[in-house]
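Residue-level listing of the chains:
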Amino acid sequence: MSTLRKLFGFHGGVKPDPNKDLSTREPIGQLALPDHFVVPLHQSVGGTPRPLVAVGARVLKGQRIGAADGNVSAAVHAPTSGRVVAVEPRVMAHPSGLAGTAVVIEPDGLDTPCERDPFLWRSVEPAEVRDYLRDAGVVGLGGAVFPSHLKLRAARDHPMQTLVINGAECEPFITCDDMLMREHAAGIVRGAAIMGELMQPREILIGIEDNKPQAAAAMRAAVQAAAVRGMEVVVVPTRYPAGGAKQLIRVLTGVEIPHGTRSTDYGLQCFNTGTAYAIWQALEQGMPLISRVVTVAGNVARPRNFEVRIGTPMGTVYAAAEPLADTQRYIMGGPMMGFKLPTLAAPVQKATNCLLAGTASMFPPPAPEMPCIRCGQCAEVCPADLQPFELYWFARAHNYGKAQEYFLFDCIECGCCSYVCPSRIPLVDYYRYAKSEIWARERDKTAADGARLRYEARLARAERDKLEKAAKLAAKTAAGRQKAEQALSGGATPDAAAAEDPKKALIEAAMAKARAQREAVQPKNTDGLTVAQQAEIAKAEQRRELARQMAENKEAPPE
Amino acid sequence: MLTALIVMAVLALVLGATLGFASVKFKVEGDPLVDKIDAILPQTQCGQCGFPGCKPYATAIAKGEAEINQCPPGGDEGIRKLADLLGREYKPLNSEHGVEKPKSVALIDENVCIGCTLCLQACPVDAIIGAAKQMHTVVVPLCTGCELCVAPCPVDCISMEVVPENVETWKWKYPVFRLQPTDSRKAA
């Protein structure tokens, strides 16, 4: 427990008013079951899970209702027991306000948990533990919702040095990690110890900002009680965005992760405290990720943290904190990185760490944008060491190639640049715009490349088919010719003309064969007839003969 | 005088030999310009440009036999990219070749499909699966929306559906500050 650990700094950052005291006065509250849950299937980075339940199905609390789509995805579970009333597109908590497939569950009020066999994670391979976590739906709860099982693997040629548990929680108003650390420190520490077992780092550092002394004290006590080797709570200075993964790693270890590399290439990895708790719950309590702590703050009468089940409509959560009458705006996330909610019917998702209510004065709508005066303040505060004004000009001019040359994708969208901009330019909006345009172009490019490959393959196939057909035909002709020659040399009706022309011989041979076949075919139904039948046949033959004669008479000129 | 001539002659020989060797050794296979143009074209292989596919159109552009504004699926942006690449003047899309449409995919009405395989043969990118007298269906992620399968269908069971925006393909909009209308009389 050294207090002499050397800490490092990161470039830039801002110090907005934390506003964290109001929502930490009361313990984490529980919400009554709402009248319905809307569980979106797409809740994490990666593929959209496939629904596993149909309308009318009965589900139990913790039952898997969406299976991970591929490895870069995480499963989704029922938040309570009840009946599935719909599997349909519902508005999601997303800035677009678009709908995504969701499972709507009507709770039965019993909250019956799903029976689960205990998972003996210590006795299986780490790969199996990772698969289990994917199926338990554990994703990063710091806000990025990246599937955790993909991060729990050390780089092959770089042994793990430091595992960082991120309890910095730097964004104003948000206190969900703070309250979780105060109340469930033991669970977090055990979760961190499990990650340590899986990744074998030399040390586990829990970074907590110095404006959360109670959380730090609780975590220290839990670490001492658990006595995990190499685990230590480190208090870091409060500065936004110290809770960014790269920034916290920099502060704790002094390592700056270069562009285009992963932290595991340097033996480092970073997880949120909430994720550590979720991993402990999944592996040792057998409870998949079906709830999370959400801060409700801003213009509400009782700002507080709640343990909210995934899928609870946001209106219900806000109502529990009693928003004031003059509330105009509802924001998901913090004031720096959050976005305006399209509707309060949108459900709480795994990414929902904070719900803010705002008025015109508390979170004012963006002010008119003024021209950039090239003051450079944005570059001074950028924690990713970028040149935000350059990125802004390129994004504004739709010059995406240049923006990428200036490392647009290293931008963490923390909002420091917009925060200090004297011209009130919504810089992050420009970066988000440029990023999504670039992604759309990349998607189109991949699709076009695929189409080109398939088109070329199709042309090649057509060409090959043509050649094959021609070859087959040639082979057939050659075989026929050979046969004819054989027939000729065999001496079957050698004709003088046929001997000269093999083609004619071929025809001759074919005709002979047909004749032989015709002769070989005898009517099979004339054996063993009765006398009456034979008489009938004779009559028919007579009629036929008559008809033939009549036809001949008609053809022949009348005499 | 003679020395100078000999020196020049030897130089010419050596340099000529070097150039000749280089032209054989570093010969560029194919036409890199055609590939660059082909990379910009959307690869729908729809033939709306009047050429039987994107590559032939790219070849024609490279030879200067075709205008750069004949590709409706590539749209305005495609024309601008081609203009940038080739140093030609930008021209608006030639409406004789069609108009720019939102991205759509073909959809087979599977109840009506008779399994004639005509659309399978028409699809340039193998995005339709099926067999004779079996139902056919479009593999949506592979469909480029070229509409070539629509015309051959004898029972008209193929329609083009615009691909709706979803959460994954949604794009942040260009930031625009909305001007608020104010009441000028009040201010006055």
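What you see is a predicted model, and the numbers here were worked out from it, not measured in a lab.

What follows deals with the overall build of chain B. When helices and strands are tallied, chain B shows 6 helices and 4 strands. Its helices and strands in sequence order give chain B the pattern α-α-α-α-β-α-β-β-β-α, from N to C terminus. Its C-alpha atoms give chain B a radius of gyration of 27 Å, clearly above 16 Å, the size a compact globule of 188 residues would have. Taken over the C-alpha atoms alone, chain B extends approximately 90 × 75 × 35 Å along its principal axes. Split into buried and exposed, the 188 residues of chain B put 29% on the buried side. A sequence separation of at least 24 residues applies to 51% of the contacts in chain B between residues at least 6 apart. In chain B, 17 positive and 21 negative side-chain charges are present, and the distance between their average locations comes to 6 Å.

This brings us to the packing of helix 3 (residues 185-199) of chain A against helix 6 (residues 273-284) of chain A. Residues and elements named next belong to chain A. Relative orientation of the contacting elements helix 3 and helix 6 amounts to 80°, with a least axis distance of 7 Å. As summarised for this structure, helix 3 and helix 6 are arranged roughly perpendicular, according to the angle between their axes. Only Thr 273, Thr 275, Ala 276, Tyr 277, Ile 279, Trp 280, Leu 283 and Glu 284 of helix 6 make contact with helix 3, whose side of the interface consists of Gly 187, Ile 188, Arg 190, Gly 191, Ala 192, Ile 194 and Met 195. Of the residues in the contact of helix 3 with helix 6, the class split is 9 nonpolar, 4 polar and 2 charged.

Residues and elements named next belong to chain A. Strands sit in the order 3-5-6 across an open sheet of 3 strands; the sheet is antiparallel. On the outer flanks of this sheet lie strand 3 (50-51) and strand 6 (76-77), each paired with one strand and no other. Sheet analysis places strand 3 next to strand 5 (residues 64-67), joined by 2 bridges and oriented antiparallel. Residue pairing in the sheet places Arg 50 in a bridge with Ala 67 of strand 5.

Below, the discussion takes up the pairing of strand 12 (residues 268-272) of chain A. All names here are of chain A. For strand 12, a buried count of 5 out of 5 residues is recorded, marking the element as mostly surrounded by other parts of the structure. The alternating pattern of strand 12 places Leu 268, Cys 270 and Asn 272 on one face and Gln 269 and Phe 271 on the opposite face, and all of these are buried. As judged from the 5 bridges shared by strand 9 (residues 162-167) and strand 12, these two strands associate in the parallel manner. Its bridge partner being in strand 12, Val 164 is matched across the sheet by Cys 270.

Further remarks concern the domain arrangement of chain A. When its domains are assigned, chain A resolves into domain 1 (22-114 + 124-358), domain 2 (377-437) and domain 3 (530-559). The C-alpha-based centres of domain 1 of chain A and domain 3 of chain A are spaced at 99 Å.

The next point concerns the sheet that holds strand 16 (residues 339-340) of chain A. Within a beta sheet, neighbouring strands are joined by backbone hydrogen bonds and run either parallel or antiparallel to one another. Residues and elements named next belong to chain A. In spatial order, the strands read 1-14-13-17-15-16; together these 6 strands make up an open sheet with mixed pairing. Two strands in the sheet have a free side with no partner beyond their single neighbour: strand 1 (29-30) and strand 16. Two strands pair when backbone bridges link them, and strand 15 (residues 329-332) and strand 17 (residues 354-358) are joined in this way by 4 bridges, in the antiparallel orientation. Looking at strand 17, one finds that Arg 329 is bridged to Gly 358. On the sheet, helix 2 (residues 176-183) packs against strand 13 (291-298) and strand 14 (304-309) and is oriented at approximately 125° with respect to strand 13. Here helix 7 (residues 314-321) sits on the sheet in contact with strand 13, strand 14, strand 15 and strand 17, set at roughly 65° to strand 17.

A few words on the nonpolar core. All names here are of chain A. In terms of nonpolar packing, the biggest core is built from 74 residues, with Met 219 and Leu 283 touching the most fellow members. Take this core: its biggest share by element is 8 residues, from helix 3. With residues up to four places along the chain from it excluded, the contact list for Met 219 reads Met 181, Ala 185, Ile 188, Val 189, Ile 206, Ile 208 and Val 233. Core analysis: the next-biggest nonpolar cluster, separate from the first, contains 24 residues, Cys 382, Tyr 400, Ala 403 and Tyr 430 among them.

Across all of its chains, the model carries 13 aromatic pairs over all chains by this definition. Arranged with centres 5.8 Å apart and planes meeting at 40°, the rings of A:Tyr277 and A:Trp280 form a pair that is tilted. Taken together, the residues span about one helical turn, with A:Tyr277 and A:Trp280 both in helix 6 at a distance of 3 residues. Of the two residues examined, A:Tyr277 and A:Trp280, each falls in the buried class. Linked through ring pairs, A:Tyr392, A:Tyr400, A:Tyr430, A:Tyr433 and B:Tyr174 together constitute an aromatic cluster.

Next up on the list: the interface of chain A and chain B. By a widespread convention, an interface's size corresponds to the accessible area lost as its parts come together. In this assembly, 35 residues from chain A lie in contact with 30 residues from chain B. Where chain A touches chain B, the interface holds 5 salt bridges. A salt bridge links A:Arg441 to B:Glu77; its shortest N-O distance comes to 2.8 Å. At the junction of chain A and chain B, the tally comes to 12 residue pairs in polar contact (both at pLDDT 80 or more). Breaking the side of chain A that touches chain B down by element, the ones donating at least two residues are helix 9 (388-396) and helix 12 (427-490) of chain A. Here the side of chain A that touches chain B takes 18 residues from helix 12 of chain A, the largest share from any one element. Considering only residue class, the side of chain A that touches chain B consists of 15 nonpolar, 7 polar and 13 charged.

All names here are of chain B. If you check the domain split of chain B, you get domain 1 (32-97) and domain 2 (104-162). Summarising the inter-unit geometry, the C-alpha centres of domain 1 and domain 2 are found 26 Å apart. If you look at the interface, domain 1 gives 4 residues, while domain 2 gives 5 residues. Summing both sides of the interface, domain 1 and domain 2 together bury roughly 340 Å²; the carbon and sulfur share of this comes to 63%. Counting the surface domain 1 buries against domain 2, the share from its top three residues, Thr 44, Gln 45 and Cys 46, is 86%.

In this section: the environment of A:Asp385. Residues and elements named next belong to chain A. If you trace the backbone, Asp 385 turns up in the loop between helix 8 (377-381) and helix 9. Judged by its relative accessible area of 38%, Asp 385 is partly exposed. Sequence separation between Asp 385 and Tyr 132 is 253 residues, and the spatial gap between their C-alpha atoms is 38 Å. Excluding its chain neighbours within four sequence positions, the residues that come into contact with Asp 385 are His 11, Arg 250 and Glu 256.

With that settled, the discussion passes to the pattern of salt bridges. Scanning the entire structure with this criterion turns up 35 salt bridges over all chains. A salt bridge links A:Arg134 to A:Asp135, with the nearest nitrogen and oxygen atoms 3.4 Å apart. Here A:Arg134 falls in the buried class, since its relative accessible area comes to 17%. A:Glu209 is the salt-bridge partner of A:Lys212, the closest N and O atoms lying 3.9 Å from each other. Residue classification places A:Glu209 among the buried residues on the basis of a relative accessible area of 1%. If you follow the salt bridges from partner to partner, you end up with A:Glu437, A:Arg441, B:Glu77, B:Lys81 and B:Lys171 in one network.

The rules we used
Residues numbered from 1 in each chain as written. Chains lettered and ligands numbered in written order. Predicted model: local features only at pLDDT ≥ 70, side-chain atom pairs only at ≥ 80, totals over all residues. Heavy atoms only, no water. Helix = DSSP H or I, 4+ residues; strand = E, 2+ residues; numbered from the N terminus. Rg over C-alpha atoms; globule rule 2.2 N^0.38 Å. Buried < 20%, exposed > 50% of the residue type's maximum accessible area, 1.4 Å probe, protein only. Contact = heavy atoms within 4.5 Å. Lys, Arg positive; Asp, Glu negative; His and termini not counted. Charge placed at Lys NZ, Arg CZ, Asp CG, Glu CD. Axes fitted to C-alpha atoms, helices over the stretch in contact; angles between N-to-C directions. Parallel < 35°, antiparallel > 145°, perpendicular 65-115°, else oblique. Nonpolar A, V, L, I, M, F, W, Y, C, P; charged D, E, K, R; others polar. Pairing = 2+ DSSP bridges. Domains from an automatic or database assignment. Core = buried A, V, L, I, M, F, W, Y, C linked by side-chain atoms within 4.5 Å. Phe/Tyr/Trp six-rings, centres within 6.5 Å; stacked < 30°, edge-to-face > 60°. Salt bridge = Lys/Arg side-chain N within 4 Å of Asp/Glu carboxyl O. Polar contact = N/O pair within 3.5 Å; in protein donor to acceptor, adjacent residues only side chain to side chain. Buried area = accessible area lost by both parts, 1.4 Å probe.

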